[in-house]
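# Overview (structure and organization)
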Amino acid sequence: MLARAQAESIGQVLKRLHPAVEISYLWIESEGDRLADAALAESGGKGLFASALEKEVLTGRADLAVHSLKDLPAQSPRGGKTSGLAIAAIPPRADVRDCLISHGGAARIEDLPPNAVLGTASPRRAAQAQRVRPDLQVKLIRGNVDTRIKKVLDEREYDATLLAVAGLQRCGLAEHAKHPLSVELMLPAACQGALALQCRADDHVTLLRCLPLNHAETATAVHVERGVVAALHGDCHSPIAALATATSTGVRVKVRVLSPDGKQMLESTDESPLKAMGKMIKRVTQDLKNQGSDLILRGFAIPQAK
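Reading the values: rules and limits
- Numbers given for residues are sequential positions, taken from 1 along each chain in its written order.
- Two thresholds apply to this predicted model, a pLDDT of at least 70 for residue-level local features and 80 or more for giving and counting side-chain atom pairs, whereas whole-chain, interface and lining totals are computed over all residues.
- Computation of side-chain values: all heavy atoms of the structure, hydrogens and water removed.
- A run of DSSP states H or I qualifies as a helix once it reaches four residues; a run of E qualifies as a strand once it reaches two. Both are numbered from the N-terminal end.
- Radius of gyration here uses only the C-alpha atoms, and the compact-globule reference equals 2.2 Å multiplied by the residue count raised to the power 0.38.
- Contacts: residue pairs with any heavy atoms within 4.5 Å of one another.
- Only the protein chains shown count as cover for residues, and all accessible areas are computed by the Shrake-Rupley method using a 1.4 Å probe.
- Under the counting rule used here, the positive set is Lys and Arg, the negative set is Asp and Glu, and His together with the chain ends is not counted.
- Charged side chains are reduced to one point each, which is NZ for Lys, CZ for Arg, CG for Asp and CD for Glu.
- Helix span, as expected, comes to 1.5 Å for every residue beyond the first.
- Here's how the labels work: a residue is buried when its accessible area is under 20% of the maximum for its type, exposed when over 50%, partly exposed in between, all with a 1.4 Å probe on protein chains only.
- For two strands to be treated as a pair, DSSP must find at least two bridges joining them.
- What counts as an axis is a line fitted to C-alpha atoms, over the stretch in contact for a helix, and the angles between N-to-C directions run from 0 to 180 degrees.
- What makes a nonpolar core is a set of buried Ala, Val, Leu, Ile, Met, Phe, Trp, Tyr and Cys residues whose side-chain atoms join them at distances within 4.5 Å.
- Whenever Lys or Arg places a side-chain nitrogen within 4 Å of a carboxyl oxygen from Asp or Glu, that contact is recorded as a salt bridge.

Each helix and strand in the chain was counted, giving 11 helices and 10 strands. Taking 2.2 N^0.38 as the reference for a compact globule, 306 residues should give roughly 19 Å; the C-alpha atoms of the chain span a radius of gyration of 19 Å, in line with that estimate. By principal-axis analysis of the C-alpha atoms, the chain measures approximately 60 × 50 × 35 Å. Considering only residue pairs separated by 6 or more positions, the chain has 67% of its internal contacts joining residues 24 or more positions apart. Of the accessible surface of the chain, which amounts to about 14,700 Å², a share of 52% is contributed by carbon and sulfur atoms. Side-chain charges of the chain comprise 39 positive and 34 negative groups, with the mean position of each set lying 4 Å from the other.

Quick look at the structure:
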């Protein structure tokens with residue numbers, strides 16, 4: 001549902017820019033779609049969805065893939081680019097926040113009932129939510145956006161869930177994004193709200209057609225966020241949160257690394273001019289490692305962590 005909405009939104013923009021170009025869609029079912037809930041993380045996580053799209057572009061069946069950028073592994077070869085492929089454009093970022101959806105109408109995590117069951121497949125969301133409410137019972141939830149909403153609001157299998165505001169808006173489900181959480185409470189995943197348009201590196205026609213969709217400020221921010229996640233050796237199943245934002249002189253980044261239960265949290269914030277982003281990424285990463293991020297990401301406790 002979300003993948004279709006995102007692809008169609010980009011197709012509509014490309015059609016307006018290039019009226020003579022025919023836009024058609026290739027819908028595929030990836031291995032990630034077919035796996036059982038518990039098997040996804042063990043078999044490659046969200047990278048399965050991205051790799052399935054990349055295969056279609058590499059074989060020439062498709063000219064362009066539209067990804068949720070946070071699903072593209074930050075540690076892929078060549079700095080996040082699969083060999084033979086290139087990021088043609090990164091459009092303007094949508095809302096980066098997560099929002100709370102509960103059948104009891106709670107507007108805040110603090111308002112959920114005692115020992116509430118929170119459905120999420122995100123270690124980042126689970127850890128930050130439990131940091132606010134240690135009594136929460138976190139249970140895995142999978143499925144499309146509308147399926148997750150039904151499991152909470154209609155079937156009441158869970159008391160609440162957390163979803164990205166951007167995804168709800170793109171799916172036409174913005175009415176469920178009534179309770180967005182501040183980024184101070186729930187720092188987003190690296191690249192949350194951003195899309196990546198990917199094509200073959202030698203397909204200069206598609207590269208040029210997509211170029212007008214690129215948004216420099218968003219591209220800069222996600223470059224920093226992906227750089228930090230890669231340097232920390234994290235992936236989409238790591239309890240890592242990162243958000244980079246533009247400043248008057250450059251870019252600012254805030255990163256969190258959490259234990260799965262949220263009891264331990266390491267945080268680092270830094271900023272730099274654009275020409276020194278690489279050094280900033282190294283500083284932030286080293287700061288977190290000095291605090292003990294390697295141990296936390298390997299599942300060990302850090303006594304001195306906050």
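For Asn-115, which is not a glycine, the phi torsion comes out positive at approximately 60 degrees. Along the chain, the position of Asn-115 falls in the loop between strand 3 (98–102) and strand 4 (117–119).

Spanning 16 residues, helix 1 (residues 2–17) covers 23 Å between terminal C-alpha atoms, matching the ideal 22 Å at 1.5 Å per step. Within the span of helix 1, buried status applies to Ala-5, Gln-6, Ala-7, Ile-10, Gly-11 and Leu-14. Lining the buried residues of helix 1 we find strand 1 (65–68), helix 7 (165–170), strand 7 (195–200) and helix 8 (204–210).

With antiparallel pairing, the 3 strands of this open sheet are ordered in space as 8-9-10. Single-partner strands in this sheet number two, and they are strand 8 (240–246) and strand 10 (265–273). Neighbour-to-neighbour, the strand axes of this sheet turn through a mean angle of 10 degrees, independent of strand direction. Here 9 bridges tie strand 9 (residues 250–258) to strand 10, and the two strands are oriented antiparallel to one another. The partner of Gly-250 across the bridge, within strand 10, is Pro-273. On the sheet, helix 5 (residues 123–132) packs against strand 8, strand 9 and strand 10 and is oriented at approximately 75 degrees with respect to strand 9. In this fold helix 9 (residues 216–231) packs onto strand 8 and strand 9, with an angle of close to 150 degrees to the strand it touches most, strand 8.

With 30 residues, the main nonpolar core has Leu-69, Val-224 and Val-255 as its most contacted residues. Listing elements by their share of this core, those giving two or more residues are helix 9, strand 8, strand 9 and helix 10 (277–291).

Let us look at the pattern of salt bridges. Within this structure, the stated rule accounts for 13 salt bridges. Between Glu-56 and Arg-61 there is a salt bridge whose closest N-O contact spans 2.7 Å. Arg-93 is the partner of Glu-225 in a salt bridge, and the nearest nitrogen-oxygen pair spans 2.8 Å. On the criterion of sequence distance, the pair formed by Glu-225 in helix 9 and Arg-93 in the loop between strand 2 (85–89) and strand 3 is long-range, its members being 132 residues apart. Accessibility expressed as a relative area gives 0% for Glu-225, which makes it buried.

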